[in-house]
Amino acid sequence: MVAIDADAVSKRYGTETALDRVDLEVKEGETFGFLGPNGAGKSTFINVLLDFVTPSQGDVEIFGHDCQREGVAARDRIGVLPEGYSVFERLTGRQHIEYAIRSKDADDDPIDVLDRVGIREAADRKATGYSKGMAQRLVLGMALVGQPDLLILDEPSTGLDPNGAAEMRQILREENERGATIFFSSHILEQVEAVCDRVGILQNGELVAVDTIEGLRQSMGGGTKLVITVDGLENGTLETIRGVEGVETAVNGDESSNGDPTIEVTCTNDAKMDVVVELHGAGVDVVNFRTEEASLEDMFIEYTGSRR
Amino acid sequence: MTWEVIARQDWSVTVETRSAKVLLGLLVSVVLLAGYIYPIAAPEPITTARFSSFAMGGLTLTVPFVGMLLSYGAVVDERESGSILLSLSLPHSRRDVVLGKFLSRTGLVTAATAGSMLVAGALVVYPFGELVLGRFLVFLGLTVLFVVVWCGLGLAVSLAAATRRRALVLGFGLVFLFVIIWEAVVDALTIGLNAAGIVDGELPETVQFLVGLEPSLVFERATTGFVLPGESVAGPWYLGEWVALGVLVCWVVGPLGLAFLRFDGSDLS
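Residues numbered from 1 in each chain as written. Chains lettered and ligands numbered in written order. Predicted model: local features only at pLDDT ≥ 70, side-chain atom pairs only at ≥ 80, totals over all residues.

Draft legend 1. Broad picture of the overall build of chain B. Across its full length, chain B holds 11 helices and 0 strands. The linear arrangement of helices and strands in chain B, starting from the amino end, is α-α-α-α-α-α-α-α-α-α-α. Here chain B has a C-alpha radius of gyration of 20 Å; the compact-globule value for 269 residues is 18 Å, and the two agree. Long-range contacts, defined as pairs at least 24 residues apart, comprise 82% of the intrachain contacts of chain B with a sequence gap of at least 6. (Helix = DSSP H or I, 4+ residues; strand = E, 2+ residues; numbered from the N terminus. Rg over C-alpha atoms; globule rule 2.2 N^0.38 Å. Contact = placed C-beta atoms within 7 Å.)

Draft legend 2. The arrangement of the overall build of chain A in detail. When helices and strands are tallied, chain A shows 11 helices and 14 strands. With the C-alpha coordinates of chain A rotated into their principal frame, the extents come out at 75 × 45 × 35 Å. A buried classification covers 41% of the 308 residues belonging to chain A. Sequence-distant contacts in chain A: of pairs separated by 6 or more residues, those separated by 24 or more amount to 69%. (Buried ≥ 20, exposed ≤ 12 C-beta atoms within 10 Å, placed from the backbone.)

Draft legend 3. Representation of unusual backbone geometry. Residue and element names in this part refer to chain A. One non-glycine residue with positive phi stands out, namely Asp105, at about 55 degrees. When the 11 C-beta atoms within 10 Å are taken as the criterion, Asp105 is described as exposed. If you check the backbone angles, Glu155 has positive phi at about 50 degrees while not being a glycine.

Draft legend 4. Structural context of the pairing of strand S1 (residues 2-13) of chain A. Residues and elements named next belong to chain A. Pairing analysis gives 8 bridges linking S1 to strand S2 (residues 16-27), with the strands arranged antiparallel. Residue pairing for S2: Ala6 is matched across the bridge by Leu24. Direction of pairing for S1 relative to strand S4 (residues 57-62): antiparallel, over a ladder of 5 bridges. Paired with Asp5 across the bridge in S4 is Glu61. (Pairing = 2+ DSSP bridges.)

Draft legend 5. Focus on the nonpolar core. Leu49, Leu138, Val139, Leu151, Ile152 and Phe183 of chain A together with Leu159 of chain B are the most contacted members of the largest nonpolar core, which totals 137 residues. Ranked by the residues each element gives to this core, the list is headed by helix H7 (residues 133-160) of chain B, at 15 residues. Sequence-distant contacts of Leu138 of chain A, that is, excluding residues within four places in its chain, are made with Val87, Gly93, His96, Ile119, Ala127 and Tyr130 of chain A. Among the nonpolar cores identified, the runner-up in size contains 13 residues, and Leu226, Val247, Val275 and Val284 of chain A belong to it. (Core = buried A, V, L, I, M, F, W, Y, C linked by C-beta atoms within 7 Å.)

Draft legend 6. Geometry of the interface of chain B and chain A. The interface of chain B with chain A comprises 19 residues on the first partner and 25 residues on the second. Counting only elements with at least two residues in the side of chain B that touches chain A, the list comes to helix H1 (3-14) and helix H5 (84-89) of chain B. The element contributing the most residues to the side of chain B that touches chain A is H5 of chain B, with 4 residues. A per-class count over the side of chain B that touches chain A returns 8 nonpolar, 9 polar and 2 charged. (Nonpolar A, V, L, I, M, F, W, Y, C, P; charged D, E, K, R; others polar.)

Draft legend 7. A look at the packing of H7 of chain B against helix H10 (residues 215-226) of chain B. All names here are of chain B. Interaxial distance between H7 and H10 falls to 10 Å at its minimum, and their mutual angle equals 170 degrees. The angle between H7 and H10 places the two elements in the roughly antiparallel class. Residues Val138, Phe139, Leu142, Phe146 and Val149 of H7 pack against Pro215, Phe219, Ala222, Thr223 and Phe226 of H10. Of the residues assigned to the contact of H7 with H10, the class counts are 9 nonpolar, 1 polar and no charged. (Axes fitted to C-alpha atoms, helices over the stretch in contact; angles between N-to-C directions. Parallel < 35°, antiparallel > 145°, perpendicular 65-115°, else oblique.)

Draft legend 8. Highlighting the packing of H7 of chain B against helix H8 (residues 164-195) of chain B. Residue and element names in this part refer to chain B. At a minimum axis separation of 9 Å, H7 and H8 run at an interaxial angle of 150 degrees. Judged by the twist between their axes, the crossing of H7 over H8 is right-handed. Residue-level contacts link Leu153, Gly154, Val157 and Ser158 of H7 to Ala167, Leu170, Gly171 and Leu174 of H8. (Left-handed = near helix turned anticlockwise from the far one by under 90°.)

Draft legend 9. Up close: the sheet that holds strand S8 (residues 181-186) of chain A. All names here are of chain A. If you walk across this open sheet you meet the 6 strands as S6-S7-S8-S3-S9-S10, and the pairing is mixed. Unpaired on one side and paired on the other, strand S6 (78-81) and strand S10 (206-212) mark the two borders of the sheet. Adjacent strand axes in the sheet meet at a mean angle of 15 degrees, parallel and antiparallel pairs treated alike. By the bridge criterion, 4 bridges tie strand S3 (residues 31-35) to strand S9 (residues 198-203) in an arrangement that is parallel. In the sheet register, Gly33 faces S9, and the bridge partner there is Val199. Here helix H1 (residues 42-49) sits on the sheet in contact with S3, strand S7 (150-154), S8 and S9, set at roughly 140 degrees to S7. Against the sheet, helix H6 (residues 162-178) contacts S3, S7 and S8, and its axis sits at roughly 150 degrees relative to S8.

Draft legend 10. Region of interest: the sheet that holds S1 of chain A. Residues and elements named next belong to chain A. In space, the 4 strands of this open sheet follow the order S2-S1-S4-S5, with antiparallel pairing throughout. Edge strands, defined here as strands with exactly one partner in the open sheet, are S2 and strand S5 (65-66). Inspection of the sheet shows S4 paired to S5 by 2 bridges, in the antiparallel sense. Within the sheet, the bridge partner assigned to Ile62 lies in S5 and is His65. Lying over the sheet, H1 contacts S1, S2 and S4, oriented at roughly 115 degrees with respect to S1.

Draft legend 11. Representation of the environment of Leu150 of chain A within the structure. All names here are of chain A. The topology assignment puts Leu150 in strand S7. Residues Leu150 and Tyr99, 51 residues apart in the sequence, show an inter-C-alpha distance of 19 Å. Excluding its chain neighbours within four sequence positions, the residues that come into contact with Leu150 are Ala3, Ile62, Arg77, Ile78, Ala180, Thr181 and Phe183.

Draft legend 12. The arrangement of H1 of chain A in detail. The buried fraction of H1 of chain A is high, at 8 of 8 residues. Asp51 of chain A, located one to two residues past H1 of chain A, shows a positive phi value of around 65 degrees.

Draft legend 13. Representation of the environment of Tyr130 of chain A. All names here are of chain A. Looking at the element boundaries, Tyr130 is found in the loop between helix H4 (110-116) and helix H5 (132-144). Among the residues examined, Tyr130 registers 20 C-beta atoms within 10 Å and is labelled buried. Counting along the chain gives 83 residues from Tyr130 to Ile213, while the straight-line C-alpha distance between them is 36 Å. Once residues within four sequence positions are removed from consideration, Tyr130 is found in contact with Val87, Ala122, Ala135 and Leu138.

Draft legend 14. Up close: the environment of Ser216 of chain B. Residue and element names in this part refer to chain B. Looking at where Ser216 falls in the secondary structure, it is placed in helix H10. Under the C-beta neighbour-count criterion, Ser216 is labelled buried, with 22 such atoms within 10 Å. Considered as a pair, Ser216 and Met56 are 160 residues apart in the sequence and their alpha carbons are 9.0 Å apart. Apart from residues no more than four positions distant in its own chain, Ser216 is found in contact with Thr60, Phe178 and Val179.

What is shown is where atoms sit, not what they do.
In structure tokens:
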């Protein structure tokens, strides 16, 4: 079954295009990372899912329910951490969770939920006094109430310290193992890389890539980069390397710190040793050797042509 | 259908706020004071039916202020802060949220009004007055409807405006127009038309109907027609009490309906 099914969703504000014909299918049970720089349209897409915003064109379904026409049914089995919310005035943390429990007709214990997101000791304080990170934890707690089949989280790690972000990822993993589908947006690549099965990259309202992280690496040319420092470079050495099976590119790199020439090679993972053997066969001494895996960051820049 | 959750939540939070306590206290005091003074100040006979015309002045002044001030922020406050997004992330429709808020806010003002009216009725009856139960209950019902009109207008303002400030301006504009200057405008219109020689004496009945659409005037006409003994509303049928009742209902349904459509179709972030 399909958890989220978007069909050519567009949203325009005046002449601004926030979303441009986004087609997206998130399968049940997967963890999907929605990646893009700030302002790319990630939140707009999530707001369409939640019916905070009506799309100009196209439609989107959650578990087969149209998000605009059958919004309540669409939101019936999901947990949400939206963007741009604020907590309710005059309600304690515990009362927030209780409100979610009553609204979802669930039977969770509020203290268990608060314990899980790590703010149990603040249960009876007014939530307006919480820090941003605590508020994120609280709303994540509200999202977890009732064992939702789908979690939709907009920039969940906002306001969390590295520890908190790690705890958040741990909870997402647990929820995914329980069987929940996870859909979350982020502009922080490491987080997406750490937990996601598949990634979608959004740029200026357009979905420019949807693939597994492995797939994205492959489509970027094997993804492994070798930086080899040699004692000397002869004519034809680069051509020799280019002749090795699996090698995509071989170029002169920057000189190393002690003035030795370097060669930068991109190749498949399997071809690494072949390259070194080939150099040895050609009488070139390898002084130093390191590999760099193409990070999501590289891919991100490749796809979006921009740094964060 | 989860409006009940919203209504409970909103009631328990609103009732705790100081502004609600002050506003509801004001309303209760005005009604009780009317019930206390009426048997002393008014001419015989003292009955709960005739009490209605005595209480009218205080009610038409207080209820609009209290209803408006207690309701104008109901939705727009949460919309401006963003906490409405938490409610609408849960399986609540916008209609559930609005219905819950409407029931909670009108419920609060209605409870205060009805409770104080019952006590005021007792003050009227004891020791010299006469209880005319049926007419008193009809008056109670009309007063509650009047309360609902103004809470509804407040909520309509809350739905139509995108910011709290705009809602406040719009709400106060309505109260100012209807409660404070409407009568003066109608008087000026009468004098002006008389001076111009277009009418002689009173306004034509159709114009009377139009200027009489203002909620307090409709409430008065309905009360006069249904509650006051031995009085009937003079003039054509459309100035009668049944039409007045219908107009009051329209004041509830119309503004709220239109404002809801606007709210339902708008983007929230």
